[in-house]
Amino acid sequence: AADDKQAYVPVKAEGFNDILIDGKRDRNRAFHGDTVVVALYPRSEWKKKENAYSKNMEQLWKQIKEDEAVDEAEKEDSWNKAQASFKNTATNVEYHPTGRVVFVEQPKGSSRVHLATLCANRNLDNDAADVSKDSRVIVKNNKEAFVRAMPVDKKIPWILIPLENVLHFIPDLFDPDTRRETIEEIEGPSVVPSGVVPDDGGLLLGKVVGPADPSIPWGVINNMTIFPVRISSWGEKSQLPAGVLDGPSVGDAGQPDVEAHIALCNNELEMHEAELPPECQEEAERIVKKARETHEEECRKRVDLRNVRIMTIDPATARDLDDAIHVIVIEPQTPGGEVEFEIGVHIADVSHFVEKGGPIDTNAKERCTTVYMTHKAFHMLPRQLCADLCSLNPNEDKLAYSAVFRLKADGELSDSFRPRFFRSVIRTCCRWNYDEVQKVLDNEDFPEELRPQVTGGHIWEDACADLFNLECLTQRIRQKRFDHGSLALHKTKLRFQCESETNMPRGVGYESHSSSHELIEELMLLANQLVARKCRDSAVSRCAVLRRHPSPDEKQLDELDQFLNDLKIEHDFSTAKTVYASLRGIWEKYGYLTAQCVERLLMKPMRPAEYFTPAEPDKTKLHTHEHYALSFDIYTHFTSPIRRYADVMVHRTLTAVLELEAKGVFKEVQASDEDGEEAEDDFGVVNMDGNVSPAEYGLDLVEQELILECQLCNEKKLASKRAQEDCDRSFFCMYLRELPADNPCTAVAAVLVIQDKSCLVHVPQLGLEARITYELDPRKIRAGTYQEKP
C-alpha cells in the first residue's frame with residue numbers, strides 16, 4: 001500500500017476486491033509475505049475505493065473555477081462537465097472489504113532474514129539531558145537494553161535488538177579508539193576534534209554528539225552500515241518485534257555489491273548469491289567430462305548442421321550465447337515460382353546436459369532465472385555449463401535444439417513447408433554484436449581489421465548478405481505483427497558505465513533498440529510461437545508449458561479511460577491494436593511527453609504475463625491462452641534455456657512430443673469447423689483432441705509438478721525484475737551522489753496524478769517515477785517539508 005500503515009490481502013475470487021487491513025492493530029503483527037486468516041468487518045465499515053484520476057480532475061477543475069483569467073461562461077461549462085464526470089464515477093462506487101488478521105498460518109515474512117541499519121532506541125525529543133540525542137550514539141546504561149534495527153525494506157517494521165547481541169558482533173563498540181575510527185568513517189579524519197563541548201552539553205567529535213556525563217560508556221554506529229537481522233518474537237502487547245543480528249555487517253549502503261545484495265534480499269533472491277552446493281559442482285565436472293568423451297557419438301545421433309552458415313548476434317558484453325540463426329535462399333522449383341527463405345533458429349540444448357532431478361536441475365528449478373544486476377549477473381546454471389559447454393561459441397561444435405521453417409518474401413510462413421524441430425550439432429561461423437550488425441545494415445564503412453572473424457570456410461560478403469536478407473524479412477514480419485494488433489509499451493532503460501575495479505558508476509547512457517535488435521527479436525518471437533503450437537497440438541498438450549498475457553484489468557482501464565476523456569485526449573483502449581494506434585495518435589497530436597505519460601498510466605492496468613499449463617485450473621476465470629501484448633493466439637519461451645528454467649521445461653516437453661511422434665503415437669488428423677469445411681491453421685492441419693498418459697510411454701511429465709514449477713517461475717521472474725529495477729535505482733543514486741554540486745543532473749518531468757498531499761511524477765528521459773509528498777496547510781509549511789516518498 002502507498003500508506004505504510006495499511007496493507008492488503010490479495011483475493012483471487014472473481015468480483016471481490018483485495019481486503020484492506022487498515023492500521024497496525026488490525027495487522028496484528030503479520031508481515032509482508034505471511035499467509036494469514038482474516039476476519040471481515042461488516043459492510044458498513046468497508047472503505048470506499050478511491051479513484052485517483054477523479055481526485056486529480058477535481059483539483060484541476062477547482063483551479064479552473066478559481067482562475068480569474070478564465071471567462072465565466074467557459075468556467076461554468078468546464079465545471080458542469082467536471083461535475084457530470086464525478087457524478088458518473090460516483091454511481092459506480094466500489095468498496096474495499098476491511099478486516100483484521102486473526103491468525104498467521106504461514107509466517108513466511110517474519111521467518112526471513114532482513115537487512116537493516118542500526119540506531120539508538122530512544123525518544124530523541126524527550127530524553128534526559130545526560131543522554132545524547134544523536135541516533136548514532138549507543139550508550140551503555142540501565143535505560144537502554146535494546147538497539148533499534150531499521151529495515152531497508154520499508155514494508156518491515158522496526159526491530160528491537162538486545163544490546164548484548166549487538167556487542168557479540170561489535171565487541172569493541174564502546175572502545176574509544178573504535179569510536180574515533182567510526183566517526184572518521186562518517187565525518188572524515190580532518191573534522192574530528194577531541195574534547196569539544198557544545199553549548200547544550202555533550203561531547204562533540206566532528207558532528208557526533210556524545211552524552212554529557214563522561215562516565216557513561218558510549219560508542220558510535222555508522223548509520224550507513226547494513227546488518228542481517230532475524231525476528232525472534234513479537235509479543236501481543238509489544239509495539240515492535242524483537243530480533244537478533246544474524247551475522248556481521250554486510251557492508252555500507254552506497255557500495256555496488258552491497259546495493260546488489262540488498263536488492264536480492266528484499267526480493268527473496270538470496271539464493272542466487274550463494275555458492276553452488278558441492279554436489280552441483282561435482283555434477284558439473286562430471287557432465288563436462290562425459291560430454292567430451294561422448295561428443296562424437298552424440299553428434300552421430302543428431303542432424304549435422306556444422307557446414308551451414310550459422311551466426312550469433314548478441315550484446316558485445318554477452319558471455320552466454322544461447323541462440324544462433326541461419327538463412328538460406330530457396331530458389332523456385334518451378335518456372336514463375338516464388339523465392340523462399342529457410343530460417344533456422346538454433347538454441348543451446350541445455351536439457352540434454354541437465355538431468356532432470358539431479359543436483360543442478362534441482363538447484364536451477366529453485367532459482368528459476370538468471371538475475372541481471374546493473375554490474376553483474378547471478379546465474380541460474382554453473383559457469384561450466386552456461387559460459388562454456390552450452391554457450392554457442394564460434395568455431396566450436398555445439399549441441400543445439402533447432403527450429404527450421406520457411407518464409408515467403410513477404411514474411412508469411414510457407415504453405416509448402418511444415419516447420420521442423422529436431423536436435424542438432426552446429427558450428428557457428430561468426431559472432432556478431434548488435435552494433436556491428438547495425439553498421440553493416442546501415443552500409444557504414446567497416447575496416448577489415450575491426451570486422452568479426454568469419455570461419456568455417458565461409459566469407460564476409462555472404463555473412464553480410466544473410467544479414468540483409470534477414471533484416472528485410474524481419475521488418476516485414478514486424479510490420480505485419482503490429483498491423484495484426486501487437487502492442488509495445490516503451491520504458492527508458494538506463495545503462496551505466498562502471499569502474500572496472502570498484503564497479504562505481506561514472507557515466508550513464510540509454511539502452512538502444514535498433515533494427516539489429518528487432519532482427520533477433522522477431523525471429524525469436526516466431527520460433528517461440530511455432531514451438532508453442534507444436535506442443536499445444538500434440539498428444540501431451542496438457543503438459544505444454546505456455547506463456548500467456550491476460551488483457552488489462554477492466555476496472556482500472558475504465559478509470560483511465562474516463563480520466564483521458566475528461567482531458568479530451570482522443571483514444572481507444574478496446575483492444576491491443578487500438579491501444580497501439582491511440583498511442584501513436586497521441587504522440588503525433590500532443591507530442592512525446594504526453595504520449596510517454598499516457599504509456600506510463602497504461603502500465604498500471606496491465607496484468608503481468610505468466611507461465612501456465614493447460615492442465616492448471618483457471619482460478620482467474622480469464623480462460624485464455626492468448627498473449628495480449630503480442631496479439632498471439634499461443635506463445636511460449638523456448639529460446640533462452642541458459643537463463644530461464646521455463647525454457648528448459650519447454651525443451652523437455654518438446655522432446656516428449658517428438659519421441660511420441662517417432663513411436664507413431666502422435667498422429668495429426670484433419671479437423672472440421674462448424675460448417676463442415678476443413679479447418680486449417682498455418683500448417684494446414686490441426687491435432688486431434690485428447691491426451692495420452694505420458695507415464696504409459698515412459699515420459700517423465702507430471703502435470704501437478706509442471707503446474708507448481710510454472711507458479712514458481714512466475715514468482716521468481718517478477719522478483720528478478722523488481723530486483724533489477726531496485727539495483728538500477730541505487731546505481732543512479734550513487735551516480736548522482738558523485739556529481740559536482742555546480743553540475744547537477746536535471747531533466748524534464750511530468751505530473752501524472754495529483755492527490756491530497758502528494759503527486760506522482762514521471763521523468764521520461766530517465767524512465768523513473770516518484771511520489772512527491774507536500775503540505776497544503778500554510779501553518780505547517782516550512783523549509784524541508786518537501787520530500788520524495790519511496
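Definitions and limits used
Residues numbered from 1 in each chain as written. Predicted model: local features only at pLDDT ≥ 70, side-chain atom pairs only at ≥ 80, totals over all residues. Heavy atoms only, no water. Helix = DSSP H or I, 4+ residues; strand = E, 2+ residues; numbered from the N terminus. Buried < 20%, exposed > 50% of the residue type's maximum accessible area, 1.4 Å probe, protein only. Contact = heavy atoms within 4.5 Å. Areas by Shrake-Rupley, 256 points an atom, 1.4 Å probe, with all protein chains shown as cover. Expected span 1.5 Å × (residues − 1). pLDDT = per-residue confidence, 0-100. Core = buried A, V, L, I, M, F, W, Y, C linked by side-chain atoms within 4.5 Å. Patch = residues over 30% accessible without salt bridge, like charges linked within 9 Å, V, L, I, M, F, W, Y side chains within 5 Å. Salt bridge = Lys/Arg side-chain N within 4 Å of Asp/Glu carboxyl O. Lys, Arg positive; Asp, Glu negative; His and termini not counted. Charge placed at Lys NZ, Arg CZ, Asp CG, Glu CD. 1 Å grid on protein atoms, 1.4 Å probe; cavity = no way out; pocket = protein on both sides within 12 Å on 5 of 7 lines; lining within 4 Å. Points joined across faces, edges and corners; volume = space filled by probe spheres on them. Nonpolar A, V, L, I, M, F, W, Y, C, P; charged D, E, K, R; others polar. Polar contact = N/O pair within 3.5 Å; in protein donor to acceptor, adjacent residues only side chain to side chain. Phe/Tyr/Trp six-rings, centres within 6.5 Å; stacked < 30°, edge-to-face > 60°. Lys NZ or Arg CZ within 6 Å of the ring centre and 35° of its normal. Axes fitted to C-alpha atoms, helices over the stretch in contact; angles between N-to-C directions. Parallel < 35°, antiparallel > 145°, perpendicular 65-115°, else oblique.

What follows covers the overall build of the protein chain. The number of helices and strands found in the protein chain is 19 helices and 37 strands. Out of the 790 residues in the protein chain, the part that is buried amounts to 48%. Long-range pairs, those at least 24 residues apart, make up 69% of the contacts in the protein chain with a sequence separation of at least 6. When the accessible surface of the protein chain is totalled, it reaches about 40,600 Å², and 48% of it is carbon and sulfur.

Our next topic: helix H18 (residues 645-662). Here H18 is 18 residues long and its end C-alpha atoms lie 26 Å apart, about the 26 Å a rise of 1.5 Å per residue gives. Counting buried residues along H18, 14 of its 18 residues qualify, which places the element largely inside the surrounding structure. Of the residues trailing H18, glycine 664 is marked for its positive phi of about 80 degrees.

Take the environment of arginine 600 next. Note on placement: arginine 600 falls in helix H17 (residues 592-603). Along the sequence, arginine 600 and histidine 490 sit 110 residues apart, while their C-alpha atoms lie 8.8 Å from each other.

This next bit is on the confidence of the model for the protein chain. Chain-level pLDDT for the protein chain is 85 on average; 84% of the residues reach the 70-or-more range. Scored below 50 in pLDDT, residues 86-91 makes eight contacts in the model with residues more than four places away or belonging to other chains. Overall, residues 667-689 carries pLDDT values under 50, and its contacts beyond four positions in sequence, including any with other chains, amount to 32 contacts.

General note: in soluble globular proteins, nonpolar side chains tend to be found buried as a group. Ile313, Ile343 and Trp432 are the most contacted members of the largest nonpolar core, which totals 100 residues. Per-element tally for this core: the top contributor is helix H14 (residues 515-536), with ten residues. Formed by 25 residues, the second largest nonpolar core is a distinct cluster that contains Phe482, Leu601, Leu602 and Ala750.

To continue, consider a negative patch on the surface. Judged by side-chain charge, Asp172, Asp175, Asp177, Glu181 and Glu185 come together as a negatively charged surface patch. By relative accessible area, aspartate 177 is classed as exposed at 56%.

Here we take up unusual backbone geometry. Positive phi, normally seen in glycine, also occurs at asparagine 28, with a value near 50 degrees. Here asparagine 28 is to be found in the loop between helix H1 (24-27) and strand S3 (35-40). Classification of asparagine 28 as partly exposed rests on a relative accessible area of 27%. The phi dihedral of cysteine 368 falls on the positive side, at around 70 degrees, and the residue is not glycine. With respect to the helices and strands, the residue cysteine 368 is situated in the loop between helix H10 (359-367) and strand S21 (371-372).

Moving on, we come to the environment of methionine 603. Here methionine 603 is to be found in helix H17. You can call methionine 603 partly exposed: its relative accessible area is 25%. Between the C-alpha atoms of methionine 603 and leucine 557, which are 46 residues apart in sequence, the distance is 9.8 Å.

Right, let's talk about empty space enclosed by the protein for a bit. Applying the stated rule across the entire model yields three cavities of 30 Å³ or more. Taken as a whole, the second largest cavity spans an internal volume of roughly 60 Å³. Taken together, Cys368, Thr369, Tyr611, Arg644, Tyr645, Ala646, Cys713, Lys716 and Lys717 form the lining of the second largest cavity. Residue assignment for the lining of the second largest cavity shows that the elements contributing at least two residues are H18 and helix H19 (703-737). The greatest single-element share of the lining of the second largest cavity, amounting to three residues, is contributed by H19. Counted by class, the lining of the second largest cavity contains five nonpolar, one polar and three charged residues.

Along the chain, the position of serine 582 falls in helix H16 (residues 576-590). The contact partners of serine 582, leaving out residues within four places of it in the chain, are His571, Asp572 and Phe573.

Per the stated rule, a full pass over the model turns up 40 salt bridges. One salt bridge connects glutamate 703 with arginine 542, and the closest N-O pair in it is separated by 2.9 Å. Of this pair, glutamate 703 sits in helix H19 while arginine 542 sits in the loop between H14 and strand S28 (546-548), placing them 161 residues apart in sequence. A relative accessible area of 29% means that glutamate 703 is categorised as partly exposed. Here the residues in one salt-bridge network are Arg478, Arg481, Glu518, Glu521 and Glu522, joined through shared partners.

A few words now on H16. Its 15 residues give H16 an end-to-end C-alpha distance of 21 Å, which sits within 8% of 21 Å, the value for a rise of 1.5 Å per residue. Restricting attention to buried positions, one finds in H16 the residues Ala576, Thr578, Val579, Tyr580, Ser582, Leu583 and Ile586. Backbone geometry just after H16 places glycine 591 at a positive phi near 100 degrees.

Another point: the side chain of serine 424. Structurally, serine 424 is set in strand S24 (residues 420-427). Given a relative accessible area of 0%, serine 424 falls into the buried group. At 2.6 Å, the side chain of serine 424 forms a polar contact with the side chain of serine 402.

What follows is about the packing of aromatic side chains. Counted under the stated rule, the structure contains nine aromatic pairs. Here tryptophan 432 and tryptophan 460 contribute two aromatic rings whose centre-to-centre distance is 5.3 Å and whose plane-to-plane angle is 40 degrees, an arrangement assigned as tilted. On the criterion of sequence distance, the pair formed by tryptophan 432 in strand S25 (residues 430-433) and tryptophan 460 in helix H13 (residues 460-484) is long-range, its members being 28 residues apart. Across this residue pair, the class does not change: tryptophan 432 and tryptophan 460 are buried. A network of ring pairs unites the aromatic residues Trp432, Phe446 and Trp460 as a single cluster. If you follow lysine 439 out to its NZ or CZ, it ends over the ring of phenylalanine 446, 5.1 Å from the centre. Its end group placed over the ring of phenylalanine 612, arginine 548 keeps NZ or CZ at 4.2 Å from the ring centre.

Attention now goes to the packing of helix H12 (residues 434-441) against H13. At their nearest, the axes of H12 and H13 sit 10 Å apart, and the two run at 85 degrees to each other. By the angle between their axes, H12 is roughly perpendicular relative to H13. Across from Val437, Val440 and Leu441 in H12, the residues of H13 making contact are Trp460, Cys464, Leu467, Phe468 and Glu471.

Here the focus is the packing of H18 against H19. Contact geometry of H18 with H19 gives a least axis separation of 10 Å together with a crossing angle of 150 degrees. Classified by the angle between their axes, H18 and H19 sit roughly antiparallel to one another. Counting all contacts with H18, which are made through Tyr645, Ala646 and Met649, the residues of H19 involved are Leu706, Glu709, Cys710 and Cys713. Partitioned by chemical class, the residues of the contact of H18 with H19 number six nonpolar, no polar and one charged.

With that out of the way, let us pick up a nonpolar patch on the surface. On the surface, Trp587, Tyr592, Leu593 and Val748 cluster together into a nonpolar patch covering about 370 Å² of accessible area. Of note, tyrosine 592 is situated in helix H17. By relative accessible area, which is 37% here, tyrosine 592 ends up partly exposed.

Turning to its location among the elements, glutamine 497 is positioned in strand S26 (residues 494-498). By relative accessible area, glutamine 497 is classed as partly exposed at 44%. Placed eleven residues apart in sequence, glutamine 497 and valine 508 show a C-alpha to C-alpha distance of 6.0 Å. Discounting chain neighbours no more than four positions away, the residues touching glutamine 497 are Met504, Pro505, Arg506, Gly507, Val508 and Gly509. Here the side chain of glutamine 497 touches valine 508 through a polar contact of 3.1 Å, landing on its backbone nitrogen.

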